[in-house]
Amino acid sequence: MSELLPEKNVQDVRPVLIDSDPGVDDTLAIMLCASDPSVSIKAITAVAGNVSLNHTYENALLLKKLFGLKDTFVSKGAEKPLVLPAGRVTAVHGNDGLGGLSRKTDTPADALPAWERIYQTALQEKGNLEILALGPLTNLALALRYHPDLKDLISQLVIMGGSGSYGNVTSEAEFNSWVDPDACEEVFHSGVPLLLCGLDGLQPAALEFSELDSIISDFDSCGGVTGDFAVPVIRFIRNGRHGWGGYNNVVIYDLAAAVCFLHPEQASYRSVHLSCETDDERTLGKTLISEALSDDLSGILTGMNKEIYVQCIHSMLRHFSGSRILAEN
Ligand code: RIB
Ligand code: CA
């Protein structure tokens, strides 16, 4: 396979905070970022979404250990949306959020809640912090509410969420937006420069089941975090089928969004004005798109490169092949 990924000058390491509801696809997105020397993961902030906050937080702590993120804070965030009731979850990730692969760790917890960790990290990075948001936007909305100057300290916010057309949890709404549409609305109008990687923009990353089976067989016996953990996660997604972009193929949404975050040169966006439906029960969480206004700093993903996406998956799995982190657990 010809290497399409450009060589990266690791001098320009990008500080990133990942807000997430792990989540099997969140797991692979965080694994990809952890394998990329061009980014430094300053913190992972957990939010309720795919499963309850207790599970997403515990999973984030486990990922810190598995992926060797020694200097990364893991912070506990919102256990319910800003307005709607908690508990709007799907069965797509298994009861523990990791397809049965979760386990407790002795990883130390962060003394700060997620919204304070987001702010402190933004201050520490002096305006260079980038945020990759992979779950409902509750933590970010709270951080922006409590710290009005935060919007000027975030260099870029890349969001896996929303859609320019179809939904996946209802016909109209994508899951992250549907769980907390009010947080979506507040973040969209916060003034933070943002790129929305919606379901339709990520569709080019759809993998046939045969492509997933090839990846699984290529890496199944290589041991380490890849063979002992990541391949079983990919197998769970492959066998889960539903909720991943259709019944003939699979879009690993957060992983595809992470590729767009790490390799923006392979993605295409268009400038838009974004809102989120917060009132109409039938279309709650729907992404409302209109022509960009003069002060808009929002874009929506219109396409990405599948070959680069697949190369990232192979590179990530090679990186963690044979790694002995798992053996310490
Ligand atoms: O709609 C896909 C999104 O919802 C992903 O972030 C997945 O983890 C779920 O949270
Ligand atoms: Ca997610």
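Procedures and definitions
Residues numbered from 1 in each chain as written. Chains lettered and ligands numbered in written order. Predicted model: local features only at pLDDT ≥ 70, side-chain atom pairs only at ≥ 80, totals over all residues. Heavy atoms only, no water. Helix = DSSP H or I, 4+ residues; strand = E, 2+ residues; numbered from the N terminus. Rg over C-alpha atoms; globule rule 2.2 N^0.38 Å. Contact = heavy atoms within 4.5 Å. Salt bridge = Lys/Arg side-chain N within 4 Å of Asp/Glu carboxyl O. Buried < 20%, exposed > 50% of the residue type's maximum accessible area, 1.4 Å probe, protein only. Near = heavy atom within 4 Å. Polar contact = N/O pair within 3.5 Å; in protein donor to acceptor, adjacent residues only side chain to side chain. Areas by Shrake-Rupley, 256 points an atom, 1.4 Å probe, with all protein chains shown as cover. Donors = N, O, S within 2.8 Å, 3.2 Å for Na, K, Ca; no water. Core = buried A, V, L, I, M, F, W, Y, C linked by side-chain atoms within 4.5 Å. Arc of directions from axis to C-beta. Expected span 1.5 Å × (residues − 1). pLDDT = per-residue confidence, 0-100.

**Observations concerning the overall build of the chain**
Then comes step 1: Looking only at helices and strands, one finds eleven helices and eleven strands in the chain.
Then comes step 2: Expected size for 329 residues packed as a compact globule is a radius of gyration near 20 Å; at 18 Å, the chain falls within 12% of this value.
Then comes step 3: Projecting the C-alpha coordinates of the chain onto the three principal axes gives extents of approximately 50 × 45 × 40 Å.
Then comes step 4: Across the chain, every contact between residues at least 6 apart in sequence was considered, and the portion connecting residues at least 24 apart equals 82%.

**Topic: the pattern of salt bridges**
Then comes step 1: With the rule as written, the count across this model stands at eleven salt bridges.
Then comes step 2: For Glu172, the salt bridge goes to Lys286, with nearest N and O atoms at 2.9 Å. On the criterion of sequence distance, the pair formed by Glu172 in the loop between β5 (154-160) and α5 (175-179) and Lys286 in the loop between β9 (268-276) and β10 (287-291) is long-range, its members being 114 residues apart.
Then comes step 3: The exposure class assigned to Glu172 is partly exposed, which follows from its relative accessible area of 27%.
Then comes step 4: Using a relative accessible area of 24% as the deciding quantity, one classes Lys286 as partly exposed.

**Let's talk about the site of ligand 1**
Then comes step 1: Around ligand 1, the surrounding shell holds 14 residues, and the nearest of these are Asp25, Leu134, Asn168, Glu174 and Asp254.
Then comes step 2: One of the side-chain N or O atoms of Asn50 is found 2.9 Å from an oxygen atom in ligand 1.
Then comes step 3: Leu134 has a polar backbone atom sitting 2.8 Å from an oxygen atom of ligand 1.
Then comes step 4: When isolated, ligand 1 has an accessible area of 270 Å², and the protein chains bury 97% of it.
Then comes step 5: Put simply, the parts of the chain that give the shell around ligand 1 at least two residues each are α1 (24-34), α5 and α10 (253-262).

**Some remarks on the coordination of the calcium ion (ligand 2)**
Geometrically, a metal with four donors at the corners of a regular tetrahedron has ideal angles of 109.5 degrees, and one with six donors at the corners of a regular octahedron has ideal angles of 90 or 180 degrees.
Then comes step 1: Coordination sphere of the calcium ion (ligand 2), protein contribution only: Asp21 (OD), Asp26 (OD), Asp26 (OD), Leu134 (O) and Asp254 (OD), at 2.2 to 2.6 Å.
Then comes step 2: All donors of the calcium ion (ligand 2) come from a single chain, and their spacing in sequence reads D-x4-D-x107-L-x119-D. One end of the pair, Leu134, is in the loop between β4 (129-133) and α4 (138-146); the other, Asp254, is in helix α10, and 120 residues separate them in sequence.

**A closer look at the environment of Lys76**
Then comes step 1: Checked against the element boundaries, Lys76 lands in strand β3 (residues 73-76).
Then comes step 2: Exposure remark for Lys76: the relative accessible area of 35% places this residue in the partly exposed category.
Then comes step 3: A sequence separation of 16 residues divides Lys76 from Ala60, and the C-alpha atoms of the two residues are 9.2 Å apart.
Then comes step 4: What Lys76 contacts, discounting residues up to four positions off in sequence, is Ala46, Leu53, Asn54, Tyr57, Leu112, Pro113 and Ala114.

**A look at the nonpolar core**
Then comes step 1: If you look at the biggest cluster of nonpolar residues, it comprises 73 residues, and the most contacted ones within it are Leu28, Met31, Phe67, Leu132, Leu202, Tyr309 and Leu317.
Then comes step 2: Looking at which element gives the most residues to this core, the answer is α10, with nine residues.
Then comes step 3: Listed in part, the 35 residues of the second largest apolar core include Leu129, Leu140, Leu150 and Leu157.

**Concerning helix α8 (residues 209-219)**
Because an α-helix packs 3.6 residues into every turn, residues spaced three or four apart end up facing the same way.
Then comes step 1: What α8 keeps buried is the set Phe209, Leu212, Ile215, Ile216 and Phe219. In a view along the axis of α8, the buried residues occupy a sector of 120°, so they form one face of it.
Then comes step 2: Buried residues belonging to α8 abut β7 (207-208), α9 (224-240), β8 (249-250) and α11 (306-319).

**What to know about the environment of Thr56**
Then comes step 1: Looking at the secondary structure, you find Thr56 in helix α2 (residues 53-66).
Then comes step 2: Separated by 20 residues in the primary sequence, Thr56 and Lys76 place their C-alpha atoms 8.8 Å from one another.
Then comes step 3: The residues touching Thr56, leaving out its near neighbours within four places in the chain, are Asp21, Pro22, Ala46, Val47, Ala48, Gly49 and Val51.

**Considering unusual backbone geometry**
Then comes step 1: In this structure, Lys126 is a non-glycine residue whose phi angle is positive, near 55°.
Then comes step 2: Counting through the fold element by element, Lys126 comes out in the loop between α3 (114-124) and β4.
Then comes step 3: Residue classification places Lys126 among the exposed positions, given a relative accessible area of 69%.

**Let's talk about α11**
Then comes step 1: A rise of 1.5 Å per residue sets the reference length of α11, with its 14 residues, at 20 Å; its end C-alpha atoms lie 20 Å apart and thus fit the reference within 8%.
Then comes step 2: Burial in α11 covers these residues: Ile308, Tyr309, Val310, Gln311, Cys312, Ile313, His314, Met316 and Leu317.
Then comes step 3: Buried positions along α11 lie against α1, β7, α8, α9 and α10.
Then comes step 4: Capping the start of α11 is the job of one residue whose side-chain oxygen sits 2.8 Å from the backbone nitrogen of Glu307: Asn305.

**A look at the confidence of the model for the chain**
Then comes step 1: Summing up the model confidence of the chain, the mean pLDDT is 93 and the portion of residues at 70 or higher is 93%.
Then comes step 2: Per-element averaging of pLDDT across the chain places β8 at the bottom with 90 and β4 at the top with 99.

**What about the side chain of Ser20?**
Then comes step 1: Structurally, the position occupied by Ser20 is in strand β1 (residues 14-20).
Then comes step 2: Residue classification places Ser20 among the buried residues on the basis of a relative accessible area of 0%.
Then comes step 3: Polar side-chain contacts of Ser20 include one of 2.9 Å to the side chain of Asp26.
Then comes step 4: The residues touching Ser20, leaving out its near neighbours within four places in the chain, are Asp26, Ile30, Thr45, Ala46, Val47, Leu134 and Gly135.

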